[in-house]
Amino acid sequence: MQNKILLSIFIFLVGTTVHAQIKKGAVLLGGGIEFSTQDTKSSGPQNGTSSGINFSPAFGKAIKENEIIGADLTFSYSKNESNNTYSQKTSSYGIGFFIRKYKELGKGFYLFGQTRAGVSYNKVQNRDQQTPTTSYVSKGYGMQVTIYPGLAYAVSKKLQLEAGLSNLAYIQFNHMQTAYDLNTYPSLTTNNFSLGSSLSNLAGLTVGFRVLLN
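Not measured: the values here are computed from a predicted model.

Q: Now, about the environment of Q21: what can you tell me, with residues and values included?
A: Here Q21 is to be found in the loop between α1 (2-12) and β1 (27-40). Sequence separation of Q21 and Y102 is 81 residues, and the distance between their C-alpha atoms is 9.6 Å. Apart from residues no more than four positions distant in its own chain, Q21 is found in contact with E65, N66, E104 and Y110.

This is the structure:
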């Protein structure tokens, strides 16, 4: 719903002309927040609830005209429960650094390209009262490099709306260690390396805003 509202505002303002060059020394503030919840009820055994929140504030500064370097923080948490016997909690904390370059198209529009490198701490806690031998905790870290292109529109000299593909291309590495609560299985260490793109679907499509303080 939040993305649909922001996208509607973006389309509505297409006809407005605003010239807002991003000058050296300008400060960029932005980020995003997302909350979701779902409740599933049925006459069978498939009752359950799920909820989640994602929060990612960002700060940057223009080192020269239309070029910004900055940092962001990321936090996400989700919880899934089923029939009061099974639950899974997933949390992640991270920090990233980025370089973003803008190319002015005229009439307030910009193309931008952003490269970001980040690290995160990740934890998954799985609890199953019916089968306690399968309950476990996984902890680890991840590293990721992403390319994020998009289109920005200057509503005013201090406000920009933007849309882009946050994971047009990415390389990531994840390291996780899993330990079972009752030591019924040996602990596991998992290393995963992957690279990919969001071109095959719209999962990486994001809509948001940025505030510029000159």
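Q: Please provide a residue-by-residue account of the packing of aromatic side chains, values included.
A: For the coordinates displayed, the defined rule picks out eight aromatic pairs. Note on Y141 and F173: the rings are 6.4 Å apart at their centroids and 50° apart in plane angle, and the pair reads as tilted. One end of the pair, Y141, is in strand β6 (residues 136-154); the other, F173, is in strand β8 (residues 169-180), with 32 residues separating them in the sequence. Relative accessible area serves as the criterion here: at 23%, F173 is assigned to the partly exposed category. Summarising the aromatic geometry, the rings of Y180 and Y185 are spaced 4.9 Å apart at their centres and angled 55° between planes, so their arrangement reads as tilted. The buried category is assigned to Y180, whose relative accessible area is 18%. A relative accessible area of 44% means that Y185 is categorised as partly exposed.

Q: Please provide a residue-by-residue account of the environment of R100, values included.
A: Secondary-structure assignment places R100 in strand β4 (residues 86-106). The exposure class of R100 is buried, given its relative accessible area of 1%. Residues R100 and G70 lie 30 residues apart in sequence; the distance between their C-alpha atoms is 8.3 Å. Aside from chain neighbours lying at most four places away, what touches R100 is N66, E67, I68, F112, G113, Q114, Y148, E162 and R210. One polar contact links R100 to E162, side chain to side chain, over a distance of 2.8 Å.

What counts and what doesn't
Residues numbered from 1 in each chain as written. Predicted model: local features only at pLDDT ≥ 70, side-chain atom pairs only at ≥ 80, totals over all residues. Heavy atoms only, no water. Helix = DSSP H or I, 4+ residues; strand = E, 2+ residues; numbered from the N terminus. Contact = heavy atoms within 4.5 Å. Phe/Tyr/Trp six-rings, centres within 6.5 Å; stacked < 30°, edge-to-face > 60°. Buried < 20%, exposed > 50% of the residue type's maximum accessible area, 1.4 Å probe, protein only. Polar contact = N/O pair within 3.5 Å; in protein donor to acceptor, adjacent residues only side chain to side chain.

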